[in-house]
Amino acid sequence: MVLFLFFFPAGPYGIFAGRDASRGLATFCLDKDALRDEYDDLSDLNAVQMESVREWEMQFKEKYDYVGRLLKPGEEPSEYTDEEDTKDHNKQD
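Cut-off values and rules
Residues numbered from 1 in each chain as written. Predicted model: local features only at pLDDT ≥ 70, side-chain atom pairs only at ≥ 80, totals over all residues. Heavy atoms only, no water. Helix = DSSP H or I, 4+ residues; strand = E, 2+ residues; numbered from the N terminus. Buried < 20%, exposed > 50% of the residue type's maximum accessible area, 1.4 Å probe, protein only. Contact = heavy atoms within 4.5 Å. Areas by Shrake-Rupley, 256 points an atom, 1.4 Å probe, with all protein chains shown as cover. Salt bridge = Lys/Arg side-chain N within 4 Å of Asp/Glu carboxyl O.

Per an unreviewed UniProt entry, the chain is named Membrane-associated progesterone receptor component 2, and its organism is Carlito syrichta.

Below, the structure is given as C-alpha cells:
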C-alpha cells in the first residue's frame, strides 16, 4: 500500500525503510517480525486497522509528494513522462 521514503534506515522509524509501512502503521507495531519485505495485501487487517491505513495515507499525501507505489507480484510497472504528468495535473484543475 504505502511506502514512505522518509523512513530512512537511521531514522526513528527506520524499521519501515524499504518496506511497506501500512501494516506497522495500522497495528501500531514496530516489530520487524510483523512487517513484510514483499507485497502485502493487508487482507487480514480488520476494518478499524484498514481505516487507520487510509487515514495515515491521507495525512502523508498532504505533506509529501507521491512518487510511486509497490507492485503486486506479476504486476508490470508503468512508465510516465513529465508531459503525461502535466496533462493529468491540468485535468484535475
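### Some details on the overall build of the chain
Across its full length, the chain carries 3 helices and 0 strands. Out of the 93 residues belonging to the chain, those deemed buried represent 26%. For the chain, long-range pairs separated by at least 24 residues make up 30% of all intrachain contacts whose partners lie at least 6 apart in sequence. When the accessible surface of the chain is summed, it comes to about 7300 Å², and 50% of that surface belongs to carbon and sulfur atoms.

### Points about unusual backbone geometry
You will see that Phe28, though not glycine, has its phi angle at about 55°, which is positive. Here Phe28 shows up in the loop between α1 (22–27) and α2 (47–63). Accessibility expressed as a relative area gives 65% for Phe28, which makes it exposed. At Leu42, a position not held by glycine, the phi torsion is positive, near 60°. Mapped onto the elements, Leu42 comes out in the loop between α1 and α2.

### Some words on the pattern of salt bridges
A side chain with one charge may pair with a side chain of the opposite charge, provided their charged atoms come close. A full pass over the atoms with the stated rule returns 4 salt bridges. Of the charged contacts in the structure, one is a salt bridge between Asp40 and Arg23, with a shortest N-O distance of 2.7 Å. Here Arg23 lies in helix α1 and Asp40 lies in the loop between α1 and α2, a separation of 17 residues in the sequence. For Asp40, a relative accessible area of 7% translates into the label buried. Classification of Arg23 as buried rests on a relative accessible area of 8%.

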